[in-house]
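Residues per chain, in single letters:
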Amino acid sequence: QVQLVESGGGLVQAGASLRLSCDASGRTSSSYAIGWFRQAPGKEREFVAAVSASAGSTVYADSVKGRATISRDNAKNTVYLQMNSLKPEDTAVYYCAAAAGRVVWRYANYYAYWGQGTQVTVSS
């Protein structure tokens, strides 16, 4: 069992940066892969980035490659998503999710646990 809480969202102007945090709790939280997804109003949930439990593997959606960096600090049970050069199309609720065992990072169905989301709004 793992509980996830996102934070760090806010209202920023295009070109600005944000660092989102995903705080995890639970006995085996450090053994989970963590993914970030986002969902804009009227749109489907979209994969953003993911990091393996060991932090040895990361993957990014094409829409954020070169602008996003995912990292984790297992000692703090925290995963970060650094977003730079934000664009209005990045506006969405951002969710972190945890998956145990094998996972196909881009598919939300593989993640068993989800946070409540944090709002990111980028003005043009």
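Placed above this text is the structure.
The structure displayed is predicted, hence computed values, not measured ones. (Residues numbered from 1 in each chain as written. Predicted model: local features only at pLDDT ≥ 70, side-chain atom pairs only at ≥ 80, totals over all residues. Heavy atoms only, no water.)

1. Considerations on the sheet that holds strand β1 (residues 3–7)
Backbone-to-backbone hydrogen bonds join strands into a sheet, with any given pair of strands oriented parallel or antiparallel. Put simply, the rule is: Here, any two strands with at least 2 DSSP bridges between them count as paired. A helix here means a DSSP run of H or I that spans at least four residues, while a strand means a run of E at least two residues long, and both kinds are numbered starting from the N terminus. Axis angles are defined between N-to-C directions and span 0 to 180 degrees, where every axis is a line fitted to C-alpha atoms and, for a helix, only to the segment in contact.
On the basis of which strands lie adjacent, the open sheet formed by four strands has the order β1-β3-β8-β7 and antiparallel pairing. Both edges of this open sheet fall to β1 and β7 (68–73), since each of them pairs with a single strand only. Averaged over all pairs of adjacent strands, the angle between strand axes in this sheet comes to 15°, irrespective of strand direction. Sheet topology note: the strand β3 (residues 18–25)/strand β8 (residues 78–83) ladder contains six bridges and is antiparallel. When the bridges of β8 are listed, Arg19 appears paired with Gln82.

2. Some remarks on the side chain of Thr118
As a reminder, the rule being used: Each residue gets one of three labels from its accessible area relative to the maximum for its type: buried under 20%, exposed over 50%, partly exposed in between, using a 1.4 Å probe on protein chains only. Identification of polar contacts relies on pairs of N or O atoms within 3.5 Å, with a donor-acceptor requirement for protein atoms, meaning one able to donate a hydrogen and the other able to accept it, and with residues adjacent in sequence counted only if both atoms are side-chain atoms. The contact criterion used is simple: two residues touch if any of their non-hydrogen atoms lie within 4.5 Å.
Mapped onto the fold, Thr118 is located in strand β11 (residues 118–123). Thr118 sits in the buried class, given a relative accessible area of 9%. Among the polar contacts made by the side chain of Thr118, one reaches the main-chain amide nitrogen of Gly9 at a distance of 3.2 Å. Sequence-distant contacts of Thr118, defined by excluding residues within four places in its chain, comprise Glu6, Ser7, Gly8, Gly9, Leu20, Ala92, Val93 and Tyr94.

3. Topic: the pairing of β1
Of the two faces of β1, only the one carrying Leu4 and Glu6 is buried; Gln3, Val5 and Ser7 on the other face are not. When β1 meets β3, the two strands line up antiparallel, connected through five bridges. Following the sheet pairing, Val5 is matched in β3 by Asp23.

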